[in-house]
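Residues per chain are reported as follows:
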Amino acid sequence: MTAFKKNLEYMSSDGSFAVSLPATVLEKMHQECIKTLPNETGGILVGSYSEDMKFATISNMLGKSKNSILRRSSFTRKGHDYLQALNQLWSKNQYYLGEWHYHPLSSPSPSSRDSETMIKLSLDKGLNCPEPVLIIIGGGKNAWSISVSVFSNGKRIVLS
Ligand SMILES: [Zn+2]
């Protein structure tokens, strides 16, 4: 049987923010998570925005970089790790959209540190991404879970 790979759509309750995530990209994240268990892992999301910036279409994700620090309850990536990759994507109209990481065998809810980090990134002029997306993968290969959030004006907006 041919697997039907669709796009997963997440939207804020008021309909003002939406994120589209290809099932193939989610599958790639799950593979990275399985590889790093019991540690966290993560990386960045790339894709494009609608003209009004309210609808993000994820086209791909980049996994951990060589400087990322993977621990059981934290994932730290170094600021400029992805600069070169992002510069190359820029020429294909693909941009930095936000971050993703894994909470091994636990809830995909963002920690307060996760939210603080995202708010900092939203203010980072160098990234030029005032409304970054955060995807957290929870659980494990027997039962994956996911949370999708957008950070706007210093606040977390939950998408479901
Ligand atoms: Zn986290």
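Note that the structure is predicted; figures quoted are calculated from it, not measured. Residue positions within a chain follow its written sequence, with the count starting from 1. Only residues with pLDDT of at least 70 get local features here, since the model is predicted, and only at 80 or more are side-chain atom pairs given and counted; chain-wide, interface and lining totals rely on the full set of residues.

Trainee: What should I look at first to understand the overall build of the chain in this one?
Mentor: A count of helices and strands for the chain gives 3 helices and 10 strands. Strands are runs of DSSP state E lasting at least two residues, helices are runs of H or I lasting at least four, and both sets are numbered from the N terminus onward. Seen in sequence order, the chain has helices and strands lined up from the N terminus as β-β-α-β-β-β-β-α-β-α-β-β-β. C-alpha atoms of the chain, sized along the principal axes, occupy 40 × 40 × 30 Å. Burial status across the chain gives 29% buried among its 160 residues. Once C-beta atoms have been placed from the backbone, residue pairs whose C-beta atoms lie within 7 Å are recorded as contacts. Here the contacts in the chain between residues at least 6 apart in sequence split such that 59% fall between residues at least 24 apart. Note on burial: count the other C-beta atoms lying within 10 Å of the residue's C-beta; 20 or more is buried, 12 or fewer is exposed, in between is partly exposed, and C-beta positions come from the backbone.

Trainee: Would you take a moment to explain helix 1 (residues 23-36) for this structure?
Mentor: Structurally, the α-helix is built with 3.6 residues per turn, so residues lying three or four positions apart point the same way. Any helix carries an expected span of 1.5 Å times its number of residues minus one. Its 14 residues place the ends of helix 1 20 Å apart at the C-alpha level, agreeing with the 20 Å of an ideal helix rising 1.5 Å per residue. Listed in full, the buried residues belonging to helix 1 are Val25, Leu26, Met29 and Cys33. For helix 1, the angular spread of buried residues about the axis comes to 100°, placing them on one side. Along helix 1, exposed side chains directed more than 90 degrees from the buried face belong to Thr24, Glu27, Gln31 and Lys35. Of all possible arcs, the one meant is that of the directions from the helix axis to the C-beta atoms.

Trainee: In this structure, what is going on with the pairing of strand 10 (residues 155-159)? I would like to understand it.
Mentor: In regular strands, side chains alternate between the two faces of the sheet. Note on pairing: two strands pair once DSSP finds at least 2 bridges between them. Bridge count for strand 9 (residues 143-152) against strand 10 is 5 bridges, and the pairing is antiparallel. Across the sheet, the residue bridging to serine 152 is lysine 155, located in strand 10. The hairpin turn running from strand 9 into strand 10, its antiparallel successor, is 2 residues long, and asparagine 153 in that turn takes a positive phi close to 50°.

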